[in-house]
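Analysis of the macromolecular model
Each chain, letter by letter, is given below.
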Amino acid sequence: MIEINQLSKVFRTEEVETKALNNVSLTIKEGEFVTVMGPSGSGKSTLLNIIGLLDSASAGSYNLLGNEMVGLKERGRAKIRKQQIGFVFQNFNLIDELSVYDNIELPMVYNGVAASERAKRVEEMAERLGISHRLKHYPQQLSGGQQQRVAVARALINEPKIILADEPTGNLDSKNGNEVMELLTDLHANGATILMVTHSDYDASFSQKTILMKDGMILSEKQQNKNIDIVVNS
Amino acid sequence: MLRNWVHIFFYNIKNSKFFTLLNLIGLSIGITGLVFAILYWNDEHSYNAWNSQKEKVFEVINGMNENTEWHTSVAPLGPEIINSTDKVASYCYLNDWYFSENVYYNDKKELVENILNAQASFFEYFPFEFVEGNSETALGDNTIAISETTAKRLFGNEKALNKIVRYSGNDMVVKGVYRILGKSSIRPDMVTNKIEQSLKNNADSWGNYNFGLLIKLNDPKDKESVIKTIDDIYYRKKIVPVSKELGLSPEEFIEKYGEFYVKLQALKDVRLGSIDSGLPEGQGNPQFLIIMLGLSILILVLSIVNYVNLATANAIKRAKEVGVRKIIGASKGNIICQFLFETAILSVFAIALAMVLVELVLPYYNDFLKKELVIQGGLIYSQLITIFILLVVIAGIFPGIYVANFETLKVLRGNFGRSKSGVWLRNGMLIMQFAIAAFFIVGSYIVYEQVKFMSEKDLGFNGDQVVEIRLRRINTKVFDRYTTVKNELLKIDGVKEVSTGVFGFGEGARSTSGFDYKDQSIQGQNMGVDYGLLEMLDVPVIEGRDISPDFASDTISSMLVNETVVRMMKEPEPIGKEIKWNGTNLKIIGVVKDFNLFGLTEEIPPMVFFHIKTISWMQSNLDKVYVKIDADKMEQTLADIETFWNKDVDIEYAFEYEFINKKYARTYEEYVDQRNLFSILNIVVISIALFGLFALASYSIERRMKEIAIRKTLGASTKDLLVTLSKQYLVFCIIGFLMTIFPVYYLLSTWLDNFVFRISISVLPFIIGFIVLALLTLIVVLGRAYKATRVDVLTYLKYE
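Residues numbered from 1 in each chain as written. Chains lettered and ligands numbered in written order. Predicted model: local features only at pLDDT ≥ 70, side-chain atom pairs only at ≥ 80, totals over all residues. Heavy atoms only, no water.

An unreviewed UniProt entry lists chain B under the name ABC transporter permease, with Neptunitalea chrysea as the source organism. The Subcellular location (unreviewed entry) field of the UniProt record for chain B holds the comment "Cell membrane". (UniProt positions renumbered as here; feature names shortened; annotations may be inferred.)

The name given to chain A in an unreviewed UniProt entry is ABC transporter ATP-binding protein, with Neptunitalea chrysea as the source organism. What the UniProt record of chain A gives under Sequence similarities (unreviewed entry) is the line "Belongs to the ABC transporter superfamily. Macrolide exporter (TC 3.A.1.122) family."

Structure follows, in structure tokens:
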């Protein structure tokens with residue numbers, strides 16, 4: 001589903017040039033649940049952002065569902081984002097001015113789903129995530145866990161091919177965090193492809209594969225608690 | 001504390017240089033406009049303010065019937081008033097126009113423009129300061145009083161008193177030199193006393209309304225009772241004898257012809273009063289004054305709104321500062337004071353900048369108003385201080401109160417950046433700005449349309465290549481002199497036609513006379529003409545024929561009337577009908593198609609045409625020659641005419657001519673000026689409003705950057721985002737526009753009511769106004785929004 005080959009990302013300022021990603025190669029198959037771990041500044045978020053088409057690579061190739069993404073224009077990226085990708089963020093990133101219902105509905109609006117269909121799907125999704133009674137509320141009126149559920153609902157509403165989660169439990173207490181992880185596991189069990197960035201070993205243990213990054217490079221890939229050493233390119 | 005405030009103020013300025021600058025410019029422009037309006041206002045209100053008699057002196061205006069009011073009175077009225085009541089102290093007859101004639105001193109010749117002919121009591125009514133001589137003895141037989149300026153022109157630095165000058169064929173002794181102390185409804189360069197003779201000649205004539213009349217009341221409160229006294233006099237002296245002559249009872253006469261009545265207007269009200277005045281310096285234009293003041297206040301309000309909007313929007317950024325201040329003990333009052341202080345500093349700068357602008361623009365403004373306004377005197381400075389205080393209070397208090405009411409804890413917890421607090425105030429003000437801008441766009445378009453209509457209107461005559469040349473009278477045989485001049489002119493190459501008429505375009509006839517036809521009483525313009533004038537002006541005779549040298553009777557008993565007269569006569573077949581006109585029997589030989597004699601603000605009047613020689617006294621009104629010139633030889637021909645004129649016609653006075661089209665255009669010059677003014681203000685208003693919109697959209701979009709980033713992440717295309725961001729402004733634009741429809745319609749209809757010949761307000765200005773406003777709105781907002789959609793979403797997703 002995702003094939004990344006020799007991908008690099010360089011941030012330039014006037015004085016310094018930082019390689020946030022250094023020739024990273026990675027493959028994620030359909031239905032996989034992959035975690036990316038690593039210290040701050042290791043490039044894991046950058047990788048996630050590039051995969052989510054929020055950021056672009058400096059070099060290398062990124063193939064999503066058989067199409068090359070490097071060099072794609074913003075219009076095309078927006079189209080793929082809205083159709084194929086669902087995002088879950090550490091800080092939820094809900095729109096405070098919109099109600100829970102409107103927040104969940106928004107991706108469908110951009111996808112041109114008919115209004116009646118949208119209403120049906122929002123109801124179903126809210127039911128599934130246990131937030132039906134909160135649809136008329138605004139994000140600021142909800143607890144962190146509930147907000148993250150809304151964010152997950154929003155990420156799933158378009159039935160994306162891949163879910164990208166950037167430290168989804170980072171702002172939650174352990175109980176709410178657990179609930180969110182269980183939610184993601186359920187989704188995975190139902191066939192969703194998930195790529196998650198986290199600091200937490202515990203969260204990572206829910207996934208099938210853990211990628212460890214440092215200094216913009218992939219140090220190791222760990223498959224279900226089994227270490228596989230890979231060649232480090234330099 | 002002040003130091004702290006100043007520090008914070010400049011810190012904030014540094015951080016938003018662009019907006020502060022625009023704010024400053026906006027406020028300055030607003031203040032500049034207001035200062036201009038105030039200068040104009042002060043000038044108009046200073047008329048006669050210096051005059052100690054302004055409350056007691058009244059101008060007598062005579063109502064002849066419902067539609068006709070004359071500024072002139074009959075000679076016996078003054079003495080009769082004094083006989084009839086002790087409430088009137090004195091009267092003063094004067095000609096309510098100026099002569100413009102040469103005055104000679106030794107070998108020197110000076111053209112004195114404003115020569116007033118008045119009774120000796122004039123200087124009690126206009127107590128000018130006498131530099132030489134005194135006001136009591138200045139006027140008498142063969143004596144004159146002159147202004148300081150005239151004295152300087154005639155005598156240089158020599159004493160003027162008792163010098164003898166030659167004026168109008170007589171030797172006159174200068175018996176007084178006066179200084180005019182301020183704006184005055186009469187500002188003569190020279191005053192003569194020749195009126196006494198004409199008054200004597202007309203002492204018993206109750207029908208000759210030839211003289212301007214001022215009366216002085218002992219107590220201005222007696223105005224109503226004096227009016228009653230004069231009305232009674234008219235009843236006794238006019239209605240009773242005239243009705244007897246006609247074989248009617250006074251009641252029947254009044255029933256048929258209406259009543260004579262009188263109006264009195266105090267000198268203090270003459271300049272801006274509602275009653276038409278005949279005093280020679282004319283009247284101000286109170287409607288235009290109000291328009292100016294109103295518009296300038298609107299502009300200032302607009303810039304204040306900008307300021308308040310930006311200050312409250314900015315205040316959100318400053319919420320933390322305010323929160324901290326409150327925690328360490330600042331009271332609400334203290335915080336409001338801080339904002340007032342900041343507004344005060346900015347206002348000082350704005351006023352300073354405005355004064356610079358005023359100085360720069362004042363010459364143009366004076367040109368436009370045809371005035372000589374200057375910034376001086378305590379009045380304008382005290383008004384500036386008032387503006388300053390109002391500005392500080394109005395512009396400073398809203399943001400102050402708004403900020404002072406922030407909830408401290410909420411602010412410090414940091415969630416405030418996206419608070420909706422104050423949004424309604426700002427949006428409301430934005431809507432108001434849209435409304436004002438729409439008002440200007442639509443309004444100026446309507447004004448533009450009316451002016452265009454006036455300049456393109458078919459006036460019923462064709463004045464192309466026709467010039468009017470002033471023919472000064474040197475003896476009583478005016479018509480013979482004219483005939484000689486005409487014959488000579490026709491010999492000049494390029495002169496196609498020459499004729500004359502005793503009327504002026506845009507001015508009307510030199511005299512009017514009433515006549516009766518069956519039961520209808522008609523007050524017609526006396527259009528004495530020479531042969532060929534109507535043809536020269538392309539005015540068609542639609543029935544009957546024009547006067548012609550082929551018919552001897554055409555200088556004895558023939559007349560033409562215009563369509564308006566025919567309508568008033570209610571006569572289906574006017575040709576051949578006889579009319580008793582001032583004792584002469586005239587037969588109608590033709591009907592002239594209506595044409596605009598006055599400006600387009602007035603109806604086409606009833607006009608009667610006859611050859612000047614038909615009525616013996618008509619030639620005394622002859623003071624111009626109309627010449628039609630070949631368009632290709634215009635310049636040379638005019639030069640030739642001038643040479644001829646200066647050599648053979650008038651060696652004393654300079655050659656004066658004017659194209660009649662240009663002369664007619666002066667009747668609506670004032671409105672052309674108003675259109676230009678409106679256009680300039682339009683640009684100013686739209687700029688200020690758009691700046692406000694830009695600033696507000698910037699702030700609002702800045703606050704929504706995270707939302708934009710989220711939407712973008714969810715796959716919103718640029719188009720989706722642009723729609724999301726600009727939708728609300730378009731809605732505000734529409735609301736503002738709708739709000740303005742009624743006021744524009746009402747106010748512009750009132751303005752259009754100035755004109756008899758006017759456009760009706762169509763839907764077009766509204767459509768155009770809306771499109772322009774919506775387009776400008778979209779350009780500003782979309783420009784700003786597009787920039788917002790270009791940013792890196794990651795910045796906002798992560799770090800907020």
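Still to come is the rest of the account.
**A few points about the overall build of chain A**
Across its full length, chain A holds seven helices and eleven strands. Computed over the C-alpha atoms, the radius of gyration of chain A is 18 Å, within 12% of the 17 Å expected from 2.2 N^0.38 for a compact globule of 234 residues. Counting over 234 residues, chain A shows a buried share of 53%. Considering only residue pairs separated by 6 or more positions, chain A has 69% of its internal contacts joining residues 24 or more positions apart. Entry remark: accessible area of chain A is about 10,800 Å², with carbon and sulfur atoms responsible for 45%. (Helix = DSSP H or I, 4+ residues; strand = E, 2+ residues; numbered from the N terminus. Rg over C-alpha atoms; globule rule 2.2 N^0.38 Å. Buried < 20%, exposed > 50% of the residue type's maximum accessible area, 1.4 Å probe, protein only. Contact = heavy atoms within 4.5 Å. Areas by Shrake-Rupley, 256 points an atom, 1.4 Å probe, with all protein chains shown as cover.)

**Here's the deal with the interface of chain A and chain B**
Taken residue by residue, the interface counts 22 residues in chain A and 21 residues in chain B. Linking chain A with chain B are zero salt bridges. Where chain A touches chain B, the interface holds four residue pairs in polar contact (both at pLDDT 80 or more). Sorting the residues of the side of chain A that touches chain B by element identifies α1 (44-51), α2 (74-84), β6 (85-89) and α3 (100-111) of chain A as the ones contributing at least two each. Looking at the side of chain A that touches chain B, the element that brings in the most residues is α2(A), giving four residues. Classifying every residue of the side of chain A that touches chain B by side-chain character gives ten nonpolar, five polar and seven charged. (Salt bridge = Lys/Arg side-chain N within 4 Å of Asp/Glu carboxyl O. Polar contact = N/O pair within 3.5 Å; in protein donor to acceptor, adjacent residues only side chain to side chain. Nonpolar A, V, L, I, M, F, W, Y, C, P; charged D, E, K, R; others polar.)

**Some thoughts on the UniProt feature "domain: MacB-like periplasmic core" (unreviewed entry) in chain B**
Residue and element names in this part refer to chain B. Per the UniProt record, "domain: MacB-like periplasmic core" (unreviewed entry) is found at residues 20-232 and 429-643. Secondary structure within residues 20-232 divides into 30% helix and 32% strand; the distance between the first and last C-alpha atoms comes to 68 Å. In residues 429-643, helix accounts for 29% and strand for 29%; the two terminal C-alpha atoms are 66 Å from one another.

**Side note on the packing of aromatic side chains**
Two descriptors summarise a pair of aromatic rings, namely the distance from one centre to the other and the angle between the planes of the rings. Residues and elements named next belong to chain B. Per the stated rule, a full pass over the model turns up 51 aromatic pairs over all chains. Ring centres of F9 and F10 lie 5.1 Å apart, and the angle between their planes is 75°; this geometry places the pair in the edge-to-face category. A residue is classified by how much of its surface remains accessible, and F9, at 6% relative accessible area, is buried. Taken together, a centroid distance of 5.7 Å and an interplanar angle of 35° make the contact between F440 and F678 tilted. Pair noted here: F440 is in helix α15 (residues 423-456) and F678 is in helix α21 (residues 669-703), with a separation of 238 residues, a long-range link. Take F678: its relative accessible area is 9%, and that puts it in the buried class. Members of the aromatic cluster, joined through ring pairs, are W50, F122, F123, F126, F128, F130 and Y178. Across from the ring centre of Y125, 5.2 Å away, lies the NZ or CZ of K216, which sits over that ring. (Phe/Tyr/Trp six-rings, centres within 6.5 Å; stacked < 30°, edge-to-face > 60°. Lys NZ or Arg CZ within 6 Å of the ring centre and 35° of its normal.)

**Thoughts on the pairing of strand β2 (residues 17-28) of chain A**
Taken together, the eight bridges between strand β1 (residues 2-12) of chain A and β2(A) define a ladder with antiparallel strand orientation. Note that in β2(A) the partner of V10(A) across the bridge is K19(A). (Pairing = 2+ DSSP bridges.)

**Some details on the side chain of T713(B)**
Topologically, T713(B) is positioned in helix α22 (residues 705-713). Residue classification places T713(B) among the buried residues on the basis of a relative accessible area of 1%.

**Observations concerning the sheet that holds strand β5 (residues 67-68) of chain A**
In sheet architecture, strand pairing relies on hydrogen bonds along the backbone and comes in two forms, parallel and antiparallel. Residue and element names in this part refer to chain A. Reading across from one edge, β2-β1-β4-β5 is the order of the four strands in this open sheet, with antiparallel pairing throughout. Sheet topology places β2 and β5 at the edges, where each strand pairs with a single neighbour. Relative to the sheet, α1 contacts β1, β2 and β4 (59-64), its axis offset from that of β1 by approximately 120°. (Axes fitted to C-alpha atoms, helices over the stretch in contact; angles between N-to-C directions.)

**Describing the pattern of salt bridges**
All names here are of chain B. This model, assessed by the stated rule, comprises 44 salt bridges over all chains. Among the salt bridges present, the one from R179 reaches E129, with a minimum N-O distance of 3.3 Å. One end of the pair, R179, is in strand β10 (residues 170-179); the other, E129, is in strand β7 (residues 129-133), and 50 residues separate them in sequence. Ionic pairing is found between K452 and E456, a salt bridge with its closest N-O pair at 3.9 Å. In this pair, K452 and E456 both sit in helix α15, four residues apart, roughly one turn of the helix. Overall, K452 belongs to the partly exposed group, its relative accessible area being 38%. Given the relative accessible area of 56%, E456 is considered exposed.

**Observations concerning the nonpolar core**
All names here are of chain B. One finds L39, Y365, F440, F503, F505, F595 and F609 to be the most contacted residues of the largest nonpolar core, which totals 112 residues. Among the elements that take part in this core, α15 stands out by supplying 15 residues, more than any other. Here F503 is in contact with G508, A509, R510, M527, V529, L533, L597, K624 and Y626, once residues within four sequence places are set aside. (Core = buried A, V, L, I, M, F, W, Y, C linked by side-chain atoms within 4.5 Å.)

**Digging into the sheet that holds strand β25 (residues 624-629) of chain B**
Residue and element names in this part refer to chain B. Across the sheet, four strands lie side by side as β15-β25-β14-β26; this open sheet has antiparallel pairing. The sheet is open, and its two edges are formed by β15 (495-499) and β26 (657-659), each paired on a single side. Here the strands of the sheet are splayed against their neighbours by 25° on average, with no regard to which way each runs. Taken together, the three bridges between strand β14 (residues 466-470) and β26 define a ladder with antiparallel strand orientation. Within β26, the residue paired with I469 across the bridge is Y657. The sheet strands contacting helix α16 (residues 478-490) are β15 and β25, and the helix crosses β15 at an angle near 170°. With respect to the sheet, helix α19 (residues 634-649) is in contact with β14, β15, β25 and β26, its orientation differing from that of β25 by roughly 150°.

**Here we look at the UniProt feature "domain: ABC3 transporter permease C-terminal" (unreviewed entry) in chain B**
Residue and element names in this part refer to chain B. The sites that UniProt annotates as "domain: ABC3 transporter permease C-terminal" (unreviewed entry) are residues 295-403 and 680-790. Across residues 295-403, the secondary structure splits into 88% helix and 0% strand, with the terminal C-alpha atoms separated by 31 Å. Secondary structure content for residues 680-790 is 85% helix and 0% strand, and the end C-alpha separation is 36 Å.

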